[in-house]
Amino acid sequence: MNRTEEIIAIIERHGSKAYGGERVSQREHALQAAYLAEQEGRPDALVVAALLHDIGHLLDGGDQGLAEQGIDASHEEVASQWLADRFGPEVTEPIRLHVDAKRYLCAVEPGYIDQLSAASVTSLNVQGGPFTADEVASFEESPFVDDAVSLRRWDDRAKTPGLQVPDLEHYRARLEAVSAAEGANEGG
Ligand code: FE
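A quick note: this is a predicted structure, and the numbers were derived from the prediction, not measured. (Residues numbered from 1 in each chain as written. Predicted model: local features only at pLDDT ≥ 70, side-chain atom pairs only at ≥ 80, totals over all residues. Heavy atoms only, no water.)

(A) Focus on empty space enclosed by the protein. Applying the stated criterion across every chain yields a total of two cavities of 30 Å³ or more. Each pocket or cavity is described by its volume, and for the second largest cavity that value is around 50 Å³. Lining the second largest cavity we find Ile11, Gln26, Ala30, Leu51, Leu52, Asp54, Ile55 and Leu58. Among the secondary structure elements, those contributing two or more residues to the lining of the second largest cavity are helix H2 (26-39) and helix H3 (44-52). Split into classes, the residues belonging to the lining of the second largest cavity amount to six nonpolar, one polar and one charged. (1 Å grid on protein atoms, 1.4 Å probe; cavity = no way out; pocket = protein on both sides within 12 Å on 5 of 7 lines; lining within 4 Å. Points joined across faces, edges and corners; volume = space filled by probe spheres on them. Helix = DSSP H or I, 4+ residues; strand = E, 2+ residues; numbered from the N terminus. Nonpolar A, V, L, I, M, F, W, Y, C, P; charged D, E, K, R; others polar.)

So, in structure tokens, the structure goes:
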């Protein structure tokens, strides 16, 4: 099975799991996030990052519900490490930083925290809460800060029950193109 098939199979197999505390499934959430990125005309790598940003929740069969128990499963680290031999940093870095981007926006953008869902506020606290001034400064040093913030905003919005968006197949060619373009290893 090639990498694109492997990724699609994982989302097909585990994507019906609830997106913790929200009214959409993991699969619906992923597809809505990717569609928001595509609608803004963003590069293929960032569309793929949006599609796969929560795959860390699916790799172990799903870890949803841990935040409510006060456990930070670090799904962003799990995902970026798992994806690193399949994609380059244009995909893995926005994913790795998408939780930090929430902590960042809570610190720098008045009103941001007020529009987060209840589940997202719960996980924010488990994830460490809003960034301090020093954390803001070091986050802004990343070359992927803008992409991570964009991904975070799609993530926050990709929670609409019943929204009709393109299916996984819509992203197959893009997954293959991005994986090849970034020199990821073939096979596996
Ligand atoms: Fe998400």
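(B) Focus on helix H4 (residues 75-83). For H4, the complete set of buried residues consists of His75, Glu76, Ala79, Ser80 and Leu83. Down the axis of H4, the buried side of the element spans an arc of 125°, and every buried residue falls inside it. In this fold, the buried residues of H4 make contact with helix H1 (3-14), H3, helix H5 (89-96) and helix H6 (98-108). (Buried < 20%, exposed > 50% of the residue type's maximum accessible area, 1.4 Å probe, protein only. Arc of directions from axis to C-beta. Contact = heavy atoms within 4.5 Å.)

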